[in-house]
Amino acid sequence: GKVLVSGANGYIAAWVVRSLLDEGFSVRGAVRSVDKGAHLRELFAAHGDKFELAVVPDIMQDGAFDEAVKGVDAIEHTASPYHFHADDPAELLEPAIRGTIGILESARKYGTAVKRVVVTSSTAAVLTVSDQPQLLSEVNWNDQAPREVEEKGRAASGAAKYRASKVLAERAAWDFVAKHSAEIGWDLVVLNPPLVLGPMIHAVASVDALSTSTRQMYNALTTPGAAGGGGCWTDVRDLARAHVRALQRESAGGERIIIAAGAFAWQDWLDAVPPASKYQKGTPGAGKDHVHLLRYDNGKSARVLGMEYRSMGDTAAAVVADYEARG
Ligand code: NDP
């Protein structure tokens, strides 16, 4: 089958494309310009005509994906802005929500071969901030961030603006499917990863061009004092595998699935890198004192998608090898 991947030049999506190709799928990668597709064309050259590009200049335009969805059997929608420095919340909310509804609308109208749509949401759409420890699952929804943005507008925190964009885009996707269930021949799967870490295969011109999650890892390993705090994580290669399995497993249809390896303190990553590497050491072992307020139940990903997760040691070694290869 052929799969449309939106935002194909992104950190996560490049791995999704690679995993799909490795599993025998053909891929149409949607990017904003021919230039943004150049690296992918090179990266996947060995796959010949099993990889093609579609240029979708503005995902907020009505009918933006009308051509791109034609003839594909499935869609992986990853394109969405991911940063914490928006002033006007609309900078994040509009492309997130309209991009999601737009690709679903194009699938409804022109995706006659589409059987399944996978949307990359986030644990940002699951979590609420609290000073009490929480174990969250797919039943949880973040109503806090949209409320903060509604009440405070531009004065809301950068994290709340991003999180609200993910909540509202995901809700819009589920609402769309509920409203149009009688007219569509496909079902929806939503994947909710926490912080995504691991090696990069997309185009990264320089340290300044690191994406939001890869920058956090780089800072933790290289910037003195930047390894405090923690979070929950998943390896980008595991998340890519989840995107493939979300297409392969019939029973995933209609499911919201958290894809999470576990909780970390940034110090744990300093401890996990190969001992001989040049990165800062911090205070080895101090990660065990970190209080993890948020944890995610990843049992559903194991049951529905058969997910198993890489260890921190595996991911840390791959990240360091990636940095070394880039010099
Ligand atoms: P990247 O920034 O590397 O990729 C984002 C992709 O979305 C790029 O292809 C980008 O295109 C595209 N995009 C962003 N804004 C727009 C827009 N306004 N119009 C069209 N395309 C746009 O981020 P990631 O790979 O990390 O994130 C991919 C997805 O995964 C997002 O939906 C994100 O919310 C989600 N996610 C990421 C997590 C992480 O820790 N990395 C955690 C949980 C969810 P361009 O290059 O042209 O800007």
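So, here is what we can say about the structure in this document. Just so we're clear, the structure is a prediction, and the values are computed from it rather than from any experiment. (Residues numbered from 1 in each chain as written. Predicted model: local features only at pLDDT ≥ 70, side-chain atom pairs only at ≥ 80, totals over all residues.)

### Remarks on the packing of helix α3 (residues 90-110) against helix α5 (residues 158-180)
Okay, step 1: Following both chains from N to C, one finds α3 and α5 inclined at 20°, their axes separated by 8 Å at the closest point. What the angle tells us is that α3 and α5 run roughly parallel. When you trace α3 past α5, the crossing you get is right-handed. On the side of α3, the interface is formed by L92, L93, A96, I97, T100, I101, L104 and R108, while α5 contributes K161, Y162, A164, S165, K166, L168, A169, A172, A173, F176 and H180.
Okay, step 2: Residue composition of the contact of α3 with α5, by class: 13 nonpolar, three polar and three charged. (Axes fitted to C-alpha atoms, helices over the stretch in contact; angles between N-to-C directions. Helix = DSSP H or I, 4+ residues; strand = E, 2+ residues; numbered from the N terminus. Parallel < 35°, antiparallel > 145°, perpendicular 65-115°, else oblique. Left-handed = near helix turned anticlockwise from the far one by under 90°. Contact = placed C-beta atoms within 7 Å. Nonpolar A, V, L, I, M, F, W, Y, C, P; charged D, E, K, R; others polar.)

### Observations concerning the site of the ligand
Okay, step 1: Taken together, 23 residues lie around the ligand, and G7, G10, S80, P95 and S213 are the ones closest in.
Okay, step 2: Secondary-structure elements contributing two or more residues to the shell around the ligand are α1 (11-22) and β8 (195-197).
Okay, step 3: In terms of residues, the shell around the ligand owes the most to one element, α1, which gives three residues.
Okay, step 4: Taken together, the residues that form the shell around the ligand break down as eleven nonpolar, nine polar and three charged. (Near = placed C-beta within 6 Å.)

### Looking at the sheet that holds strand β9 (residues 230-235)
Okay, step 1: If you trace the three strands from one edge of the open sheet to the other, you get β8-β9-β11, paired in mixed fashion. On the outer flanks of this sheet lie β8 and β11 (262-265), each paired with one strand and no other. The sheet shows a mean angle of 55° between the axes of neighbouring strands, direction not considered.
Okay, step 2: Judged from the three bridges that link them, β8 and β9 form a sheet pairing that is parallel. Note that in β9 the partner of L195 across the bridge is W233. (Pairing = 2+ DSSP bridges.)

### Side note on helix α6 (residues 212-222)
Okay, step 1: Those residues of α6 lying buried are S213, T214, M217, A220 and L221. Looking straight down α6, one finds its buried side chains confined to an arc of 125°; they lie on one side.
Okay, step 2: Among the structural elements, α1, β8, α8 (266-272) and α10 (312-326) are those in contact with the buried residues of α6. (Buried ≥ 20, exposed ≤ 12 C-beta atoms within 10 Å, placed from the backbone. Arc of directions from axis to C-beta.)

### Side note on the pairing of strand β7 (residues 187-192)
Okay, step 1: Buried residues dominate β7, accounting for five of its six residues.
Okay, step 2: Two strands pair when backbone bridges link them, and strand β5 (residues 116-120) and β7 are joined in this way by five bridges, in the parallel orientation. Directly across from R116, in β7, lies its bridge partner D187.
Okay, step 3: Bridge analysis of β7 against strand β10 (residues 256-258) gives three bridges, and the strand direction is parallel. Paired with V190 across the strands is R256, a residue of β10.

### Structural notes on the packing of α1 against helix α7 (residues 236-248)
Okay, step 1: Orientation of α1 relative to α7, taken along the N-to-C sense of each, is 55°, at an axis distance of 8 Å. Between α1 and α7, the interaxial angle falls into the category oblique. Where α1 crosses over α7, the handedness of that crossing is right-handed. The residues of α7 that touch α1, namely those facing Y11, I12, W15, V16, R18, S19 and L20, are V236, R237, L239, A240, R241, H243 and V244.
Okay, step 2: By residue class, the composition of the contact of α1 with α7 is nine nonpolar, two polar and three charged.

### Section: the environment of V3
Okay, step 1: Here V3 lies in strand β1 (residues 2-6).
Okay, step 2: A tally of 25 C-beta atoms within 10 Å means that V3 is categorised as buried.
Okay, step 3: Considering only alpha carbons, one finds V3 and V117, 114 residues apart in sequence, at a separation of 9.5 Å.
Okay, step 4: With near-sequence residues (within four places) excluded, V3 lies in contact with L20, F25, V27, V72, D73, A74, E76 and L247.

### Comments concerning the sheet that holds β7
Okay, step 1: Within the open sheet, the seven strands sit side by side as β3-β2-β1-β4-β5-β7-β10. Their pairing is parallel. Only two strands of the sheet have a single neighbouring strand rather than two, namely β3 (51-55) and β10. Ignoring which end each strand starts from, the neighbouring axes of this sheet average 20° apart.
Okay, step 2: Examined bridge by bridge, strand β2 (residues 26-31) and β3 share five bridges and lie parallel to one another. Note on β3: the bridge partner recorded for V27 is F51.

### Some remarks on the nonpolar core
Okay, step 1: Membership of the largest hydrophobic core comes to 98 residues, with the highest contact counts inside it found for V3, V5, V17, I75 and W269.
Okay, step 2: Leave out the neighbours within four places in its chain, and I75 touches L4, V69, I103, A107, V114 and V117. (Core = buried A, V, L, I, M, F, W, Y, C linked by C-beta atoms within 7 Å.)

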